[in-house]
Amino acid sequence: MGRVLPFVIAASLSVVVLFTPESGVPSSPPGTDKVVHITLFALLALTGLHARIRHVLVALVVYAGVSEVLQQLITPLHRSGDVLDALVDVLGIGLGWAICAAVRSRRRGPRTTR
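Residues numbered from 1 in each chain as written. Predicted model: local features only at pLDDT ≥ 70, side-chain atom pairs only at ≥ 80, totals over all residues. Heavy atoms only, no water.

J.: Any chance you could explain the overall build of the chain here in plain terms?
T.: Across its full length, the chain carries 4 helices and 0 strands. Sequence-ordered secondary structure for the chain, helices as α and strands as β, is α-α-α-α. Expressed as a percentage of the 114 residues in the chain, the buried residues total 26%. Long-range contacts, defined here as pairs at least 24 residues apart, represent 72% of the contacts in the chain between residues at least 6 apart. Split by element, the accessible area of the chain, about 7,700 Å² in all, is 68% carbon and sulfur. (Helix = DSSP H or I, 4+ residues; strand = E, 2+ residues; numbered from the N terminus. Buried < 20%, exposed > 50% of the residue type's maximum accessible area, 1.4 Å probe, protein only. Contact = heavy atoms within 4.5 Å. Areas by Shrake-Rupley, 256 points an atom, 1.4 Å probe, with all protein chains shown as cover.)

In structure tokens, the structure reads:
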């Protein structure tokens, strides 16, 4: 459970961030929402990979698309689905994967050749 808990927390945070009604979203400078999306999905990817959840990256790509569709369809949220948000989410997933790969590579140390 120790490895999975950070992912569960990140996933719970993502539900709050992505499905808060528009009236509860604070106003911010243009582009801030994209920074939030990339950071959130990088965090999900990092914690999911750390937890060794099978197929987590594929599941997160699906989640990125589905969350935008649901934002559009759940009318009480008064939010709109945005294809660009989904693309930024995927970019965040790639960023999380790259950070995780770099950390794992650094932990292994330099490779020696013979």
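J.: So what exactly am I meant to see when it comes to a positive patch on the surface here?
T.: Taken together, the side chains of Arg 3, Arg 52, Arg 104, Arg 107 and Arg 108 define a basic patch exposed on the protein surface. Along the chain, the position of Arg 107 falls in helix H4 (residues 83-108). (Patch = residues over 30% accessible without salt bridge, like charges linked within 9 Å, V, L, I, M, F, W, Y side chains within 5 Å. Salt bridge = Lys/Arg side-chain N within 4 Å of Asp/Glu carboxyl O. Lys, Arg positive; Asp, Glu negative; His and termini not counted. Charge placed at Lys NZ, Arg CZ, Asp CG, Glu CD.)

J.: Which parts of the structure should I look at to understand a nonpolar patch on the surface?
T.: Residues Val 58, Val 62, Val 66, Val 69, Leu 70, Leu 73 and Ile 74 make up a contiguous nonpolar surface patch of roughly 580 Å² in combined accessible area. Tracing the backbone shows Val 62 in helix H3 (residues 56-73).

J.: Even after reading the chapter, I still don't get the side chain of Glu 68, so can you show me in this structure?
T.: Structurally, the position occupied by Glu 68 is in helix H3. Of the side chains bearing the opposite charge, Arg 79 lies closest to the buried Glu 68, which forms no salt bridge; the N-O distance is 6.3 Å. A distance of 2.9 Å separates a polar side-chain atom of Glu 68 from the backbone nitrogen of Asp 82. Setting aside anything within four residues of it in sequence, one finds Glu 68 in contact with His 37, Ser 80, Gly 81, Asp 82, Asp 85, Ala 86 and Asp 89. (Polar contact = N/O pair within 3.5 Å; in protein donor to acceptor, adjacent residues only side chain to side chain.)

J.: Where do I start with unusual backbone geometry in this structure?
T.: Most of the time, phi is negative for any residue but glycine, and the peptide bond is trans. With a phi angle near 60°, His 55 is a residue other than glycine that sits in the positive phi range. Structurally, His 55 can be placed in the loop between helix H2 (32-50) and H3. Phi is positive for His 78, close to 55°, though the residue is something other than glycine. Given the relative accessible area of 59%, His 78 is considered exposed.

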